[in-house]
Amino acid sequence: MSSSPSSSPSPTRKRALLIASLITLWYSSNIGVILLNKYLLSNYGFRFPIFLTMCHMTACALLSYASIVFLKLVPLQVIKSRPQFFKIATLSVVFCASVVGGNVSLRYLPVSFNQAVGATTPFFTAVFAYLMTFKREAWITYAALIPVVTGVIVASGGEPSFHLFGFIMCISATAARAFKSVLQGVLLSSEGEKLNSMNLLLYMSPIAVVVLLPSTLVMEPGVLDVIRLLSKEHKFMWLLLTLNSATAYVANLSNFLVTKHTSALTLQVLGNAKGAVAVVISILLFRNPVTVMGIGGYTITVLGVVAYGEAKRRFK
């Protein structure tokens, strides 16, 4: 007896279910790693952002290798020349700077304000693209960036927990993230040198560990002693660190998979919404004070980012 057509899901439904699952994984892992970072660095007494970043990069190196070499989620792309290796190493250093800066800022700033500053990435991307590649956009595209910056200025004025050093680190991390994306397009522009994001992570992560290890030893010399003390007070210390590091890799993997199965525009829209969801969850969890001015500033920034994406798409 043959099964009825309704008993098995159609390819369209299967694809929709897959995309929904990937988006859920992407949201939960991205927001989860931000909240775990904040919890460890601010609420848990673990004040070692460089070591935490090194843990993330170690997990990314090991899990990327397992995903590509053993699970074969994507084909392995090999480094073909020494110049290509040095280009990847340069990207890795910039990537390190952005992640460390973001983690340091979470020690001093609430997640809600951190996300508001992070939303200005398109502004820095446009600036670096113009300075490094002389790529010009339509004037209306640049005009859309005005509310992006204005919103952060408004949010800064209305942020009860504003911390100047934390703000400088957060804005530096945002600029470094934008610089890395533009630099990647410049350095790995030839077809023979292009790597997908998973292979790039596979090669960048070990280099990042090599860079971060001496930095940790010099700038955070007592980290292992503090971890031992904290693990006696909190029996889940190592579990939290491991979970946090693995989540950082899942965030990168799910970002790649969502990009692969949707479009750049969909990813941008989802990214804007993700920031807003992270803000709401963090306020509920950490109970950090917020003001109408702060919420208004963040809203202006997000609307500016949406307008920028739409203007860029229309006037490409």
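One structure accompanies this document, and this report is about it. (Residues numbered from 1 in each chain as written. Predicted model: local features only at pLDDT ≥ 70, side-chain atom pairs only at ≥ 80, totals over all residues. Heavy atoms only, no water.)

Structural notes on the overall build of the protein chain
Now for step 1: In terms of regular secondary structure, the protein chain is built from 13 helices and zero strands.
Now for step 2: Ordering the α and β elements of the protein chain from the N terminus gives α-α-α-α-α-α-α-α-α-α-α-α-α.
Now for step 3: Taking 316 residues into account, the globule formula puts the C-alpha radius of gyration at 20 Å, and the protein chain, at 21 Å, falls close to it.
Now for step 4: Over its C-alpha atoms, taken along the principal directions, the protein chain stretches across nearly 60 × 55 × 45 Å.
Now for step 5: Expressed as a percentage of its 316 residues, the buried residues of the protein chain come to 46%. (Helix = DSSP H or I, 4+ residues; strand = E, 2+ residues; numbered from the N terminus. Rg over C-alpha atoms; globule rule 2.2 N^0.38 Å. Buried < 20%, exposed > 50% of the residue type's maximum accessible area, 1.4 Å probe, protein only.)

Brief notes about the packing of aromatic side chains
Now for step 1: All told, the structure shown has 12 aromatic pairs when counted by the stated rule.
Now for step 2: Ring plane angle 70° and centroid distance 5.6 Å describe the contact between F46 and F48, whose orientation is recorded as edge-to-face.
Now for step 3: A residue is classified by how much of its surface remains accessible, and F46, at 0% relative accessible area, is buried.
Now for step 4: When its relative accessible area of 12% is taken as the criterion, F48 is described as buried.
Now for step 5: Note that K180 overlies the ring of F95, its terminal NZ or CZ placed 5.5 Å from the centroid. (Phe/Tyr/Trp six-rings, centres within 6.5 Å; stacked < 30°, edge-to-face > 60°. Lys NZ or Arg CZ within 6 Å of the ring centre and 35° of its normal.)

Brief notes about the side chain of E220
Now for step 1: Position of E220 relative to the elements: it lies in the loop between helix 9 (197–219) and helix 10 (223–233).
Now for step 2: Despite its burial, E220 pairs with no opposite charge; the closest candidate is R107, at 6.5 Å N-O.
Now for step 3: Side-chain polar atoms of E220 contact the backbone nitrogen of I50, separated by 3.0 Å. (Lys, Arg positive; Asp, Glu negative; His and termini not counted. Salt bridge = Lys/Arg side-chain N within 4 Å of Asp/Glu carboxyl O. Polar contact = N/O pair within 3.5 Å; in protein donor to acceptor, adjacent residues only side chain to side chain.)

Some details on the nonpolar core
Now for step 1: In terms of nonpolar packing, the biggest core is built from 62 residues, with L40, F46, F51, L212 and L241 touching the most fellow members.
Now for step 2: Secondary structure elements with two or more residues in this core: helix 1 (11–43), helix 2 (49–70), helix 3 (82–108), helix 8 (164–187), helix 9, helix 10, helix 11 (237–261) and helix 12 (264–286). (Core = buried A, V, L, I, M, F, W, Y, C linked by side-chain atoms within 4.5 Å.)

Describing the pattern of salt bridges
Now for step 1: Evaluated as defined, the whole model comprises six salt bridges.
Now for step 2: K87 is the partner of E193 in a salt bridge, and the nearest nitrogen-oxygen pair spans 2.9 Å. One end of the pair, E193, is in the loop between helix 8 and helix 9; the other, K87, is in helix 3, with 106 residues separating them in the sequence.
Now for step 3: Through salt bridges with shared partners, a single ionic network connects E310, R313 and R314.

Section: unusual backbone geometry
Now for step 1: Although it is not a glycine, K72 adopts a positive phi angle of roughly 55°.
Now for step 2: Position of K72 relative to the elements: it lies in the loop between helix 2 and helix 3.
Now for step 3: We note that F134 has phi near 55°; this positive angle belongs to a residue other than glycine.
Now for step 4: Locating F134 in the fold gives a position in the loop between helix 5 (121–133) and helix 6 (139–143).

Some points on the packing of helix 2 against helix 3
Now for step 1: It is the contact of helix 2 with helix 3, at a shortest axis distance of 9 Å, that shows an interaxial angle of 130°. When the interaxial angle is binned, helix 2 and helix 3 end up oblique. Where helix 2 crosses over helix 3, the two elements pack in a sense that is right-handed. Across from P49, I50, L52, T53, H56 and M57 in helix 2, the residues of helix 3 making contact are F95, V99, V100, N103, V104 and R107.
Now for step 2: Its residues placed into classes, the contact of helix 2 with helix 3 shows eight nonpolar, three polar and one charged. (Axes fitted to C-alpha atoms, helices over the stretch in contact; angles between N-to-C directions. Parallel < 35°, antiparallel > 145°, perpendicular 65-115°, else oblique. Left-handed = near helix turned anticlockwise from the far one by under 90°. Contact = heavy atoms within 4.5 Å. Nonpolar A, V, L, I, M, F, W, Y, C, P; charged D, E, K, R; others polar.)

Side note on the environment of I146
Now for step 1: You can see I146 is positioned in helix 7 (residues 145–157).
Now for step 2: A residue is classified by how much of its surface remains accessible, and I146, at 54% relative accessible area, is exposed.
Now for step 3: Between the C-alpha atoms of I146 and T301, which are 155 residues apart in sequence, the distance is 8.9 Å.

Digging into the packing of helix 5 against helix 8
Now for step 1: At a closest axis distance of 8 Å, the pairing of helix 5 and helix 8 adopts a crossing angle of 45°. On the basis of their axis angle, the class for helix 5 and helix 8 is oblique. Once helix 5 is placed against helix 8, the crossing between them reads as right-handed. Where helix 5 approaches helix 8, its residues T121, F124, T125, F128, A129, M132 and T133 are matched on the opposing element by I171, T174, A175, R177, A178, F179, S181, V182, L183 and V186.
Now for step 2: Here the contact of helix 5 with helix 8 is composed, by residue class, of 11 nonpolar, five polar and one charged.

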